[in-house]
Amino acid sequence: MNPPDLIAPGYAVPPHHGHAARTGGARLLIGLAVGLTLLFVVAPLLYIFVRAFSQGWQVYADNILNPATLHAIWLTSLVAVIVVPLNVAFGIAAAWAVAKHRFPGRGILVTMIEIPFSISPIIAGICYLLLYGRQGLLGPWLQAADLQVMFALPGIVLVTMFVTAPFVAREVLPLMQAQGTDQEQAAVTLGASGWQVFRRVTLPNIRWALLYGAVLCTARAVGEFGGVSVVSGNIRGQTNTLPLHVELLFNDLNAVGAFAAASTLTVIALVALVIKTALEARR
Amino acid sequence: MIAAAAPVRAKRVLPGFTLSLGTTLLYLVLIVLIPIAALILKGAEIGPERFWQIVSSDRAVAAFRITITAAAIATAVNAAYGLLMAWVLVRYDFPGKRLLDALMDVPFALPTAVAGLSLTALFSANGWFGSALEAAGLQVVYTIWGIALAMAFTSVPFVVRTVQPVLEDLDVSLEQAAETLGARPWQIFSRVVFPAILPAWLAGCTTAFARSLGEFGAIVFIAGNLPFQTEIAALLAFIRLEEYDYNGAAAIALVLLGFALVLLVASNLLQNWAARHREAAR
């Protein structure tokens, strides 16, 4: 991401940039950018850990090892473990269909994959409640079959699937499109089966984008709040995911406990960011 | 034998089309489309008269007004901050630049509830910023400023990440020409650079605004959630659900969905304009 890479060969660095890096104007802008980011982005990040550890390591450990917090961590991990592989499978399927084949309606399909990005998670939650809730469209049928979707794990998983739907597809699709189909066609010509083509030719080509999408999807799945808060019912020790648990502790006026729970989510977010940055450097 | 038969097939289509398209459609229909259809059906069931009654009630109108005002403030902040960040990250070289660039993704990676919790504590009377602002007579937490702050934080990356690639692609010879002709740095920016990045900048602002309208997690912590004062539309829909008033919730959710779709179309048009702009500039 260094400027020399960005400037196409044949262009000299514009003189005023060379000057600018040493002039007051540039220093002012860089200082302003760094200062504002420290206040606006870094301070909230730092403050989570400052508050989480404000009463020492012992209190922090007690807060994390509290059974309700441990259960929330377990539930959130479970949701991610179910959702991320499904999302990876969906992302690969969507990318394979759209990038490697031509058929009418491809554009519409891509738009449909992107829809969950522009819909507020809370609206997604309401949609699910209107479908699977007791008064929902499928409510009577679900009750007759004695299936509990809302205020239980299936509801949380479904809403998280909705919210994260585009994550892997969005990373893998453009890459597959750019790579074209020549290598795959060559493999087919040489007699490879569909599965062999995918595993030996396509997968090695897209593995970093796939990993990148999966990391972003995990971060999003773990942190989902609005949609899950509609469908979970916030039953303590049962359907309380980690972000919901943070809110619950906050409402209980247990700020240090809330920050301790939040710090685990922050660590996950930071790990995801580090992996993302490393993968971007690799591409 | 296989080699003789395969090329004919391979020229047409790679294997796995039915399987992959089938999986994609099944997932989309079950996870995305049917639930959205349930919301739209509910809206149809309510009927136009009752629908209008719900969304034009005083409390709903106040909630929409608060949401839109706060989102506008947040977008204005990010329009300036995002442009500054994109410019500094593309045009200057300085130690810590890559870290600064990575930090721009923090608001996307950080769960919104965590952001809300931290901002609330930071800006409340005993927090780092709140204590200073309180002394200056400025209250952020439990006011519309708090809502705007939460919205601004959660939508930081939109403007930066839309403007950045366009700025990177910009043909610097135009700026060199302007400088040769005696233009001042500010003139070069406003006359040469800014018109070129305008479509992308507007597209970024539109997505930031759309995201702010739908934000929930970060806001419930900081807003205080007082009806007519600091209650956003998404929260009002949530409250209606908790009161088992599904019609009320569905009507408000449909209005928000309508906003989101209009803004999605607007942002797509702007992005297409931006893409054409970039092609033309090359």
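Residues numbered from 1 in each chain as written. Chains lettered and ligands numbered in written order. Predicted model: local features only at pLDDT ≥ 70, side-chain atom pairs only at ≥ 80, totals over all residues. Heavy atoms only, no water.

**Some details on the overall build of chain A**
Okay, step 1: Helix and strand counts for chain A stand at 15 helices and zero strands.
Okay, step 2: Its C-alpha atoms give chain A a radius of gyration of 24 Å, more than 25% over the compact-globule value 19 Å for 283 residues.
Okay, step 3: The C-alpha extent of chain A, read off along each of the three principal axes, is 65 × 60 × 30 Å.
Okay, step 4: The burial tally for chain A puts 52% of its 283 residues in the buried class.
Okay, step 5: Here the analysis covers contacts within chain A between residues at least 6 apart in sequence; of these, 72% occur between residues at least 24 apart.
Okay, step 6: Chain A carries 16 positive and 11 negative side-chain charges, and their two centres are separated by 8 Å. (Helix = DSSP H or I, 4+ residues; strand = E, 2+ residues; numbered from the N terminus. Rg over C-alpha atoms; globule rule 2.2 N^0.38 Å. Buried < 20%, exposed > 50% of the residue type's maximum accessible area, 1.4 Å probe, protein only. Contact = heavy atoms within 4.5 Å. Lys, Arg positive; Asp, Glu negative; His and termini not counted. Charge placed at Lys NZ, Arg CZ, Asp CG, Glu CD.)

**Details of the overall build of chain B**
Okay, step 1: Counting its secondary structure elements, chain B contains 15 helices and zero strands.
Okay, step 2: In summary, chain B has a C-alpha radius of gyration of 24 Å against a globular reference of 19 Å for 282 residues, an excess of more than 25%.
Okay, step 3: Of the contacts formed within chain B by residues at least 6 apart in sequence, a portion of 76% connects residues at least 24 apart.
Okay, step 4: If you sum the accessible surface of chain B, you get close to 12,500 Å²; carbon and sulfur atoms cover 67% of it. (Areas by Shrake-Rupley, 256 points an atom, 1.4 Å probe, with all protein chains shown as cover.)

**Some words on the domain arrangement of chain B**
Residue and element names in this part refer to chain B.
Okay, step 1: Looking at chain B, the domain boundaries give domain 1 (18-49) and domain 2 (57-281).
Okay, step 2: Taking only C-alpha atoms into account, the centre of domain 1 sits 29 Å from that of domain 2.
Okay, step 3: With six residues of domain 1 at the contact, the number on the domain 2 side is seven residues.
Okay, step 4: Between domain 1 and domain 2 lies a buried interface of about 510 Å² when both sides are counted; carbon and sulfur atoms form 86% of it.
Okay, step 5: On the domain 1 side of the contact with domain 2, Leu 39, Lys 42 and Ile 46 bury the most area, a combined 76% of that side's loss.
Okay, step 6: Seen at the junction of domain 1 and domain 2, the total is zero residue pairs in polar contact (both at pLDDT 80 or more).
Okay, step 7: Taken together, the residues of the side of domain 1 that touches domain 2 break down into four nonpolar, one polar and one charged. (Domains from an automatic or database assignment. Buried area = accessible area lost by both parts, 1.4 Å probe. Polar contact = N/O pair within 3.5 Å; in protein donor to acceptor, adjacent residues only side chain to side chain. Nonpolar A, V, L, I, M, F, W, Y, C, P; charged D, E, K, R; others polar.)

**Comments concerning the interface of chain A and chain B**
Okay, step 1: Each side of the interface is counted separately: chain A has 89 residues, and chain B has 96 residues.
Okay, step 2: Summed over both sides, the interface of chain A with chain B buries roughly 8,300 Å², with 80% coming from carbon and sulfur.
Okay, step 3: The interface formed by chain A and chain B contains one salt bridge.
Okay, step 4: Its salt-bridge partner being Lys 276 of chain A, residue Asp 105 of chain B comes within 2.6 Å of it at the nearest N-O pair.
Okay, step 5: Summed over the shared surface of chain A and chain B, the result is seven residue pairs in polar contact (both at pLDDT 80 or more).
Okay, step 6: By residue class, the composition of the side of chain A that touches chain B is 65 nonpolar, 19 polar and five charged. (Salt bridge = Lys/Arg side-chain N within 4 Å of Asp/Glu carboxyl O.)

**Brief notes about the domain arrangement of chain A**
Residue and element names in this part refer to chain A.
Okay, step 1: On domain assignment, one finds that chain A holds domain 1 (14-52) and domain 2 (56-282).
Okay, step 2: The gap between the C-alpha centroids of domain 1 and domain 2 is 33 Å.
Okay, step 3: Each partner contributes to the interface: domain 1 provides six residues, whereas domain 2 provides 10 residues.
Okay, step 4: Of the roughly 700 Å² buried between domain 1 and domain 2 on both sides combined, carbon and sulfur atoms contribute 80%.
Okay, step 5: Where domain 1 touches domain 2, the interface holds zero salt bridges.
Okay, step 6: Remark: the boundary between domain 1 and domain 2 carries zero residue pairs in polar contact (both at pLDDT 80 or more).
Okay, step 7: Residues that form the side of domain 1 that touches domain 2 fall into these classes: five nonpolar, no polar and one charged.

**Thoughts on helix H2 (residues 17-46) of chain B**
Okay, step 1: With 30 residues, H2 of chain B ought to run about 44 Å at 1.5 Å a step, and its terminal C-alpha atoms sit 41 Å apart, in line with that.
Okay, step 2: Two residues or fewer after H2 of chain B comes Gly 47 of chain B, characterised by a positive phi angle close to 90°. (Expected span 1.5 Å × (residues − 1).)

**A closer look at helix H5 (residues 67-100) of chain A**
Okay, step 1: Between its terminal C-alpha atoms H5 of chain A stretches 49 Å, which fits the 50 Å expected from 34 residues at 1.5 Å a residue.
Okay, step 2: N-capping of H5 of chain A is provided by Asn 66 of chain A, with a side-chain oxygen placed 2.8 Å from the backbone N of Ala 68 of chain A.

**Remarks on a nonpolar patch on the surface**
Okay, step 1: Among the surface-exposed residues, Leu 137, Leu 138, Trp 141 and Leu 147 of chain A together with Leu 41 of chain B lie close enough to one another that they form a single nonpolar patch of about 510 Å² accessible area.
Okay, step 2: Examined against the element boundaries, Leu 138 of chain A turns out to sit in the loop between helix H7 (121-132) and helix H8 (139-144).
Okay, step 3: Accessibility expressed as a relative area gives 32% for Leu 138 of chain A, which makes it partly exposed. (Patch = residues over 30% accessible without salt bridge, like charges linked within 9 Å, V, L, I, M, F, W, Y side chains within 5 Å.)

**Remarks on the packing of aromatic side chains**
Okay, step 1: Tallied over the entire structure, the rule returns 26 aromatic pairs over all chains.
Okay, step 2: Pairing Phe 103 of chain A with Phe 17 of chain B gives two aromatic rings, centres 5.3 Å apart and planes at 55°, and the pair type is tilted. Here the residue Phe 103 of chain A occupies a position in the loop between H5 and helix H6 (106-118), and Phe 17 of chain B occupies one in helix H2, the pair thus bridging two chains.
Okay, step 3: With centroids separated by 5.8 Å and ring planes inclined at 25°, the aromatic side chains of Trp 186 of chain B and Phe 189 of chain B adopt a geometry described as stacked. With Trp 186 of chain B and Phe 189 of chain B both in helix H12 (residues 185-214) and three residues apart, this pair spans about one turn of that helix.
Okay, step 4: Trp 186 of chain B sits in the exposed class, given a relative accessible area of 62%.
Okay, step 5: Residue class for Phe 189 of chain B comes out buried when judged on its relative accessible area of 17%.
Okay, step 6: Following the ring pairs from residue to residue traces out a cluster consisting of Trp 87, Tyr 92, Trp 186, Phe 189, Phe 194 and Trp 201 of chain B. (Phe/Tyr/Trp six-rings, centres within 6.5 Å; stacked < 30°, edge-to-face > 60°.)

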